[in-house]
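What the coordinates show
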There are 2 protein chains.
Amino acid sequence: MSVLALSGGIGGAKLALGLYRVLPSEALTVVANTGDDFEHLGLSISPDIDTLLYTLAGIDNPDTGWGRSGETWTFMAALESLGGETWFKLGDGDLATHIERTRRLAAGESLSQIIGDFCRQLGITARILPMSDDPVRTRLRTEEGWLDFQDYFVRRRSAPVVRDIVYASAAEASANPDFLAALAADDLEIVVICPSNPFLSIDPILALPGVRDGLRACRAPVVAVSPIIGGKAVKGPTAKIMTELGLAIGAAAVARHYADILDVYVADEADRDEVAELGIPVRLSRTLMLTLHDREALARVVLTSAGRGF
Amino acid sequence: MSVLALSGGIGGAKLALGLYRVLPSEALTVVANTGDDFEHLGLSISPDIDTLLYTLAGIDNPDTGWGRSGETWTFMAALESLGGETWFKLGDGDLATHIERTRRLAAGESLSQIIGDFCRQLGITARILPMSDDPVRTRLRTEEGWLDFQDYFVRRRSAPVVRDIVYASAAEASANPDFLAALAADDLEIVVICPSNPFLSIDPILALPGVRDGLRACRAPVVAVSPIIGGKAVKGPTAKIMTELGLAIGAAAVARHYADILDVYVADEADRDEVAELGIPVRLSRTLMLTLHDREALARVVLTSAGRGF
């Protein structure tokens, strides 16, 4: 029995943790967006993968929602004293992940191999798969010109008005073969699209060759969880970007965005009216995940939403 | 008026700090050994330069004798949890120096440019010059085979018996042109060979093309400070290596080692008999530098040892 989850960073990782905790050991495979990955200070940084690693390992920082627990910031202070770039915050412990990843990539290992080993080292029994071992980079055309994702999201705090989004090199990249194999596997019970930003976290995954076809062809139902609650994004620039791209903001619009691959939609009770006429099965639930119990409860709702027994 | 000091790490940096404090602003140029430099975890690390930077900036760690004050170790703990290599201790603040240096080297800047900027950022008004911008690597032939310097010194804690020492690529490297220019300058008042390990810290500098000739030709006296006190090295493997190389251990042997370039020798009072018949002027002093006052006092002894007025 296997469960496949597609996830971005923080919001997706919350549900991924819920799934990880309620599923049998080794049943869960999480495919992580790498469109946010970038090179900074000479280091290869994979924000969504690392959020998943830290969250599933139980070493995430509950105060910030990102980074590691027990983090220290001596590096950033020293970097500032040397006149270095400090707009992207790198914690001292977090640096170990980036330095070790960068070293091993330079030594010829694939990102998948490295993250698989990090999972083992951190005692994670789920699989975390980078969506691809080839670089795919989310770029945004804004009213101020083209911006790399982290430039837009962190340095500019999502302020520039977005006109277009591209996933550079996605068409030439190969989807992670373990991801495609998991999609085609006989024991796949369900595919979960986590409540991540559709444009910034999930679409980069769907843009890879073979992924949409694999999702349409797979035997298991594809269930998406709305990242919108009561018409608002829980976190991040989802609603802002939807407005700027001329899309209706709301839970229904996200479901329609996934229309060609979606079998079941899990939406928040607050959006009951909004999703009443989607034309696919809808499961209403509380979707805000504040506590560990919330994460597990939503995971159970998702897993049973398509009528499969778990 | 200018003063040129040749230095390795800890012992040399103590005297360099004394010189820095007693000399007028901008009078001091310290040429740092880079034979200990190495690449580790993908980072370019320059131990002797960094010890000089931290010491002259007043941010050195007085407890360990190396690294930065107020250092934290979150990175090392996280690296260990990922299965990374932990035999070389990198503090969180220290990492900023290595990451920023590595980034700027990759961007095409020379080590000299980078260290010059680090000095400005840290408010250091002395010049710290890497002996060369070309890589020179101290390697040791031991009874266990050839070892890179840090492998020998840190990983193996100087345990293997040393049979030979080479400064790989020194003959093909260019000495720092600012170093050679300082040697040839009319206003050079004195050249100080700091109490560093002759074989591991000073000889790599002397092995660069033009350096020995420049020292012999320069108008200023060359004064070396003994790294030996009462027949023992203050710190590190100097005495052990001298024995293994078949050299007499002692203050006189070090002076003879520098015979072709030396004008004055500053030795510890404890070695009075040992250095009595060297054939060059000797100045006896207390040379152990425990306090800041010790560093300044020894600096004054050195500066006046050749009869010049400071």
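Residues numbered from 1 in each chain as written. Chains lettered and ligands numbered in written order. Predicted model: local features only at pLDDT ≥ 70, side-chain atom pairs only at ≥ 80, totals over all residues.

**Considering the overall build of chain A**
Along its length, chain A carries 12 helices and 14 strands. At 19 Å, chain A has a C-alpha radius of gyration in line with the 19 Å of a compact globule built from 310 residues. In terms of overall dimensions, chain A has a C-alpha envelope of 60 × 45 × 40 Å along the principal axes. Going through the 310 residues of chain A one by one, you find that 51% of them count as buried. Here the contacts in chain A between residues at least 6 apart in sequence split such that 66% fall between residues at least 24 apart. (Helix = DSSP H or I, 4+ residues; strand = E, 2+ residues; numbered from the N terminus. Rg over C-alpha atoms; globule rule 2.2 N^0.38 Å. Buried ≥ 20, exposed ≤ 12 C-beta atoms within 10 Å, placed from the backbone. Contact = placed C-beta atoms within 7 Å.)

**Thoughts on the interface of chain B and chain A**
How big an interface is tends to be reported as the loss of accessible area on association of its parts. Across the contact, 26 residues belong to chain B and 27 residues belong to chain A. Mapped by element, the contributors of at least two residues to the side of chain B that touches chain A are α3 (74-81), α4 (92-106) and α5 (111-121) of chain B. Looking at side-chain class alone, the side of chain B that touches chain A contains 11 nonpolar, 10 polar and five charged residues. (Nonpolar A, V, L, I, M, F, W, Y, C, P; charged D, E, K, R; others polar.)

**Here's the deal with the sheet that holds strand β2 (residues 28-32) of chain B**
Residue and element names in this part refer to chain B. Spatial ordering of the open sheet is given by β5-β2-β1-β9-β10-β13-β14, a layout of seven strands whose pairing is parallel. The outermost strands of the open sheet, each flanked by one partner alone, are β5 (127-130) and β14 (282-285). With strand direction ignored, the average angle separating the axes of adjacent strands in the sheet is 20 degrees. In the sheet, β2 pairs with β5 via four bridges, with the strands oriented parallel. For A32, the partnering residue across the bridge sits in β5 and is P130. This element, helix α1 (residues 10-22), spans β1 (2-7), β2, β9 (188-193) and β10 (222-225) of the sheet and lies at about 165 degrees to β1. (Pairing = 2+ DSSP bridges. Axes fitted to C-alpha atoms, helices over the stretch in contact; angles between N-to-C directions.)

**Details of the environment of T243 of chain B**
Residues and elements named next belong to chain B. Its location among the elements puts T243 in helix α10 (residues 238-244). A tally of 14 C-beta atoms within 10 Å means that T243 is categorised as partly exposed. Measuring from C-alpha to C-alpha, the distance between T243 and V162 comes to 9.2 Å, with 81 residues separating the pair along the chain.

**A word on the sheet that holds strand β6 (residues 137-142) of chain B**
Residue and element names in this part refer to chain B. Spatially, the three strands line up as an open sheet ordered β7-β6-β8, and their pairing is antiparallel. The open sheet has two free edges, formed respectively by β7 (145-148) and β8 (162-168), since each of these has just one partner strand. On average, adjacent strands in this sheet sit at an angle of 25 degrees to one another, irrespective of strand direction. Here β6 runs beside β7; their pairing, made up of four bridges, is antiparallel. Paired with R141 across the bridge in β7 is W146.

**Remarks on the packing of α1 of chain B against helix α2 (residues 47-57) of chain B**
Residues and elements named next belong to chain B. Where α1 contacts α2, the axes come no closer than 9 Å and their chain directions differ by 35 degrees. Viewed along their axes, α1 and α2 form a crossing whose handedness is right-handed. Taken together, the residues of α2 that come into contact with α1 (itself represented by I10, A13, A16, L17 and Y20) are T51, L52, T55 and L56. Among the residues making up the contact of α1 with α2, the classes are represented as seven nonpolar, two polar and no charged. (Left-handed = near helix turned anticlockwise from the far one by under 90°.)

**Comments concerning the relation of the copies chain B and chain A**
Of the transformation placing chain B onto chain A, the axial shift is 0.0 Å and the rotation is 180 degrees, giving an RMSD of 0.0 Å. Taken together, the rotation angle and the small translation identify this as a two-fold axis. Proximity to the rotation axis, assessed at the C-alpha, singles out D92 of chain B in chain B; its C-alpha lies 2.9 Å from the axis. (Least-squares fit on C-alpha atoms with pLDDT ≥ 70 in both.)

**A look at unusual backbone geometry**
Even without being a glycine, R157 of chain A presents a positive backbone phi close to 50 degrees. On the secondary structure map, R157 of chain A appears in the loop between α6 (149-155) and β8 (162-168). Backbone geometry places S158 of chain B, a non-glycine residue, at a positive phi of 60 degrees. Considering the arrangement of structural elements, one finds S158 of chain B in the loop between α6 (149-155) and β8. Here S158 of chain B falls in the partly exposed class, since 16 other C-beta atoms lie within 10 Å of it.

**Structural notes on the nonpolar core**
Counting 191 residues, the largest nonpolar core has A16, I128 and V192 of chain A together with A16, I128 and V192 of chain B as the members making the most contacts within it. For I128 of chain A, the residues in contact, after removing those within four places along its chain, are V30, A32, I49, L52, L53, I115 and C119 of chain A. (Core = buried A, V, L, I, M, F, W, Y, C linked by C-beta atoms within 7 Å.)

**Quick notes on α5 of chain B**
All names here are of chain B. Taken together, the buried positions of α5 are occupied by L111, I114, I115, F118 and C119. Angularly, the buried residues of α5 cover 140 degrees about the axis, an arc narrow enough to put them on a single face. Taken together, the buried residues of α5 touch α2, α4 and β5. Residue G123 follows α5 closely and has a positive phi angle near 75 degrees. (Arc of directions from axis to C-beta.)

**Focus: α2 of chain B**
Given 3.6 residues per helical turn, the α-helix brings residues three or four places apart onto the same face. Residue and element names in this part refer to chain B. The element α2 is largely enclosed, with a buried count of 10 among its 11 residues. Turning to α2, its buried residues are P47, D48, I49, D50, T51, L52, L53, Y54, T55 and L56. G58, located one to two residues past α2, shows a positive phi value of around 75 degrees.

**Observations concerning the environment of E100 of chain A**
Among the secondary structure elements, E100 of chain A is positioned in helix α4 (residues 92-106). The exposure class assigned to E100 of chain A is buried, which follows from the 22 C-beta atoms found within 10 Å. Residues E100 of chain A and G214 of chain A, spaced 114 residues apart in sequence, show a C-alpha to C-alpha distance of 33 Å. For E100 of chain A, the residues in contact, after removing those within four places along its chain, are L79, L82 and G84 of chain B.

**Some words on the pairing of β10 of chain B**
Within a regular strand, the side chains alternate between the two sheet faces. All names here are of chain B. Here β10 shows two buried faces, one formed by V222 and A224 and the other by V223 and V225. Pairing of β9 with β10 involves three bridges; the strand directions are parallel. Each residue of the ladder has a partner; that of I193, found in β10, is A224. Where β10 and strand β13 (residues 264-268) come together, three bridges link them in parallel fashion. Considered in β13, the bridge of V223 is made with V264.

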